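Residue-level structure breakdown
Okay, here's what each chain looks like letter by letter:
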Amino acid sequence: MSRTDEFIRLALTQLPEEIVESDPTEMWVYASDWTRRAGKPGVVFLPRTTEEVCRVLKFCYEQNYPVVPSGGRTGLAGGAVPLDGQAVLSLSRMSKIFPVDTLGFSVRVQAGAITQAVHDHCRQEGLTWPIDLAAKGSSQIGGNLSTNAGGVRVIRYGMARKWVTGLEAVTMSGELLQLNRGLEKNNTGYDLVQLICGSEGTLAVVTEATLKLTRIPEESKVFLFGVNGLKNVETLFREARRGPFHIVALEFFSRACALAVKEQLGVDTRFTPEPEFYLLMEVEALAGKPLEEPLTEWLGKVLETGEVADGLLAQSEREAQELWKLREGITESLQKKSKVKKFDIAVAPHRIAELLAAVQTWFAGQPTLGLDYYLFGHWGDGSPHLNLLKRPGVDDAQFEKDYVIVEKWVFDVLKSFGGSVSAEHGVGLLKKSWLPFSRTPEEMRIFREIKKAFDPKGLLNPGKVLE
């Protein structure tokens, strides 16, 4: 009997049978995330309560069996991929959303709650958890917090860890941590909530969270601008920063991305001719001030400068959603089009045009590479996405070889810009070797000591973030 078979046999004697899944036909869905990297789960645990999570982790700890936490598996760094028969701990059955606290502007949710469901639940009270992701229809709150998710509204609201005031989490040994309990103020020692947020399931498994909420804007507008040249995109961003509004989102994508969305999803920009870049901007009114008149005046000045080749203003909620489909459909469209490799990088916002210009220049000098590059992402917070697609007729081996060439160049140049190798997707499996490009040896030493304090046996999501 193999180690995994013996482990499953023992699990069925010590845990509720209905939370243990070992059928390969049922387990395959837990084998990968959006990276499409193939994993191999040995068994899947599907607890229904925090108490069952504690029991599962304590059992695995005693058996020295590694565990990979699993949310909606929408990650793009391989953080939820199980290797070599590791156990998967899925929180999908723990999806309860409790009543909104309309006085404290907060809501308690279990880790398996879908992000979109939380938005819909809070909208009934005129409130929202302002973390907005393309994957919101399938991502889970536990995963959002464990990866410190970003999304399209970071320029206005920041990352996920800013919007959580309490966590319930379980360590690998089965110990329950109840952290901060939803308090706005608690200045008593180290903040373990913030430490666990962004730890990618390597320190503890989030089972419940208290999320901080904010009001839904009373008035907002969505624009799509067509712009030729990176410098003109930067100029438009500077003008927007001085505009009579709050910028909620400022997203960009290249002509190649727009054409891919049109080809794969049938969503058209309606711009003729197609500009080199698109800038999608959502704004909301300043407190106590109307938006319409000052926005019209600002828009007129911008259009007079000549930086903008074309533009659209959504006239309804439906039109706004159609414009957002252009941006949110890019990842799906590229995955349908060909094999994809992704870079999720970050630099200071004032250097993003300079970085992307360097990317364009380098690729122009590499005509023999068997891949095409696509640029899009979050211009407003300095977080562009560089996606590489395998060209037709190029075999997988050549594509992988060419990717390694690009990867080394990208991270070398990124280091010279003082940037990060992962803006929001995390480190996971895919970026471990490049972590020292963004973190100092002193930081790496402290990371390892923190990991050992939480998980001395190294059984929780092993091989992710740190070796």
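Just above, that's the structure.
What counts as what
Residues numbered from 1 in each chain as written. Predicted model: local features only at pLDDT ≥ 70, side-chain atom pairs only at ≥ 80, totals over all residues. Heavy atoms only, no water. Helix = DSSP H or I, 4+ residues; strand = E, 2+ residues; numbered from the N terminus. Buried < 20%, exposed > 50% of the residue type's maximum accessible area, 1.4 Å probe, protein only. Areas by Shrake-Rupley, 256 points an atom, 1.4 Å probe, with all protein chains shown as cover. Lys, Arg positive; Asp, Glu negative; His and termini not counted. Charge placed at Lys NZ, Arg CZ, Asp CG, Glu CD. Salt bridge = Lys/Arg side-chain N within 4 Å of Asp/Glu carboxyl O. Axes fitted to C-alpha atoms, helices over the stretch in contact; angles between N-to-C directions. Parallel < 35°, antiparallel > 145°, perpendicular 65-115°, else oblique. Left-handed = near helix turned anticlockwise from the far one by under 90°. Contact = heavy atoms within 4.5 Å. Nonpolar A, V, L, I, M, F, W, Y, C, P; charged D, E, K, R; others polar. Pairing = 2+ DSSP bridges.

A few points about the overall build of the chain
Counting its secondary structure elements, the chain contains 15 helices and 17 strands. C-alpha extents for the chain along the principal axes are approximately 75 × 60 × 45 Å. Out of the 467 residues in the chain, the part that is buried amounts to 54%. Carbon and sulfur atoms make up 50% of the accessible area of the chain, which amounts to about 21000 Å² in all. Computed over 55 positive and 60 negative side-chain charges, the separation of the two mean positions in the chain equals 3 Å.

Focus on the pattern of salt bridges
Pairing between side chains becomes possible if they bear opposite charge and their charged atoms approach one another. Taken as a whole and assessed by the stated rule, the structure comprises 30 salt bridges. Glu 239 is the salt-bridge partner of Arg 242, the closest N and O atoms lying 2.8 Å from each other. Its relative accessible area of 26% is what places Glu 239 among the partly exposed residues. We note a salt bridge from Lys 325 to Glu 322, for which the minimum N-O separation is 3.0 Å. Of this pair, Lys 325 and Glu 322 both sit in helix 11 (residues 317–328), separated by 3 residues, roughly a single helical turn. Residue Lys 325 is classed as partly exposed on the basis of its relative accessible area, which comes to 40%.

Notes on the packing of helix 1 (residues 3–14) against helix 3 (residues 50–62)
In the contact formed by helix 1 and helix 3, the axes pass within 11 Å of each other and the chain directions differ by 140°. Put simply, helix 1 runs oblique to helix 3. Crossing handedness for the pair helix 1 and helix 3: right-handed. Residue-level contacts link Phe 7, Leu 10, Ala 11 and Gln 14 of helix 1 to Arg 55, Phe 59 and Cys 60 of helix 3. Class assignment of the residues belonging to the contact of helix 1 with helix 3 gives a composition of 5 nonpolar, 1 polar and 1 charged.

What about the sheet that holds strand 12 (residues 246–254)?
Ordered by their spatial adjacency, 7 strands build an open sheet running 14-11-13-12-16-17-15, and the pairing between neighbours is antiparallel. The sheet is open, and its two edges are formed by strand 14 (308–313) and strand 15 (340–344), each paired on a single side. The average angle at which neighbouring strand axes cross in this sheet is 15°, direction not considered. Note: strand 12 against strand 16 (residues 371–378), 3 bridges, orientation antiparallel. When the sheet's bridge partners are listed, Phe 253 is paired in strand 16 with Phe 376. Those strands touched by helix 10 (residues 292–305) are strand 11 (220–227), strand 13 (277–284) and strand 14, and its axis lies near 5° from that of strand 11. Docked against the sheet, helix 12 (residues 330–337) engages strand 12, strand 15, strand 16 and strand 17 (383–390), running at close to 170° with respect to strand 16.

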